[in-house]
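# Structural characterization, general
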Amino acid sequence: MPRAPTTADVFNAIAQPRRRQIVDLLARRGPLDVGALVVALGLSQPVVSKHLGVLRKVGVVAVIKQGKQRVYNLVAEKLKSVHDWVMTFAEHWGHQLDRIKERAEQRAHEQTESPSPLKPRKGQS
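One structure accompanies this document, and this report is about it. (Residues numbered from 1 in each chain as written. Predicted model: local features only at pLDDT ≥ 70, side-chain atom pairs only at ≥ 80, totals over all residues. Heavy atoms only, no water.)

### Examining the overall build of the protein chain
Helices and strands together make up the secondary structure of the protein chain, namely six helices and three strands. Helices and strands in the protein chain line up, N terminus first, as α-α-β-α-α-β-β-α-α. Within the protein chain, the fraction of its 125 residues that count as buried is 25%. Within the protein chain, contacts between residues at least 6 apart in sequence are counted, and of these 47% link residues at least 24 apart. Surface summary for the protein chain: the accessible area is close to 9700 Å², and the carbon and sulfur share equals 55%. (Helix = DSSP H or I, 4+ residues; strand = E, 2+ residues; numbered from the N terminus. Buried < 20%, exposed > 50% of the residue type's maximum accessible area, 1.4 Å probe, protein only. Contact = heavy atoms within 4.5 Å. Areas by Shrake-Rupley, 256 points an atom, 1.4 Å probe, with all protein chains shown as cover.)

Written out as structure tokens, the structure is:
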């Protein structure tokens, strides 16, 4: 089965780690120009521009021309489908965390009620 193009949907676009880094930077820092993204990511300008092009095609980022610069802004609403899909697993994660917490509390309770006897050191009886 052939791979879907990176611009097929948001899931395919953000499957690439560098594009997720760009999304993360824009989410944390706000609108950035290509130069700032190049410096932050430590990549060449053509590579960053290529990733931004993919993100633009799926609508995750928007570009605003300010003089000679192109400033990119995150369009977080376009990530809602990813959020909604991930949230289908939230109940599972919560249940697993609850089970871990219960086990830890049970073991802590058992240890405080019946501490294990200390073994004498060698040469001591």
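Structure's up, so let's keep going.
### Considering the packing of helix H2 (residues 17–29) against helix H4 (residues 45–57)
For the pair H2 and H4, interaxial distance at closest approach is 10 Å and the crossing angle is 80°. As the angle between them shows, H2 and H4 are arranged roughly perpendicular. Across the interface between the two elements, Arg-18, Arg-19, Ile-22 and Val-23 of H2 pack against Val-48, His-51, Leu-52, Val-54 and Leu-55 of H4. A breakdown of the residues in the contact of H2 with H4 according to their chemical character gives six nonpolar, one polar and two charged. (Axes fitted to C-alpha atoms, helices over the stretch in contact; angles between N-to-C directions. Parallel < 35°, antiparallel > 145°, perpendicular 65-115°, else oblique. Nonpolar A, V, L, I, M, F, W, Y, C, P; charged D, E, K, R; others polar.)

### With respect to the nonpolar core
Counting 24 residues, the largest nonpolar core has Leu-26, Leu-37, Val-48, Leu-52, Leu-55 and Val-60 as its most contacted members. Of all the secondary structure elements, the ones that give two or more residues to this core are helix H1 (10–13), H2, helix H3 (34–41), H4 and strand S3 (69–74). With residues near it in sequence (within four places) discarded, Leu-37 still touches Ile-22, Leu-25, Leu-26, Leu-32, Val-48 and Leu-52. (Core = buried A, V, L, I, M, F, W, Y, C linked by side-chain atoms within 4.5 Å.)

### Overview of the side chain of His-51
Within the secondary structure, His-51 sits in helix H4. A relative accessible area of 9% means that His-51 is categorised as buried. Leaving out residues up to four positions away in the same chain, His-51 has contacts with Gln-16, Arg-18, Arg-19 and Ile-22.

### With respect to H3
Considered for burial, the residues of H3 that qualify are Val-34, Leu-37, Val-38 and Leu-41. Here the buried residues of H3 occupy an arc of 105° about the axis, which is enough to place them on one side. Elements that come into contact with the buried residues of H3 comprise H2, strand S1 (32–33), H4 and S3. A side-chain oxygen of the first residue of H3 lies 3.0 Å from the backbone nitrogen of Gly-35; this N-cap is Asp-33. Gly-42, located one to two residues past H3, shows a positive phi value of around 70°. (Arc of directions from axis to C-beta. Polar contact = N/O pair within 3.5 Å; in protein donor to acceptor, adjacent residues only side chain to side chain.)

Purely geometric stuff here, so don't read any function into it on its own.
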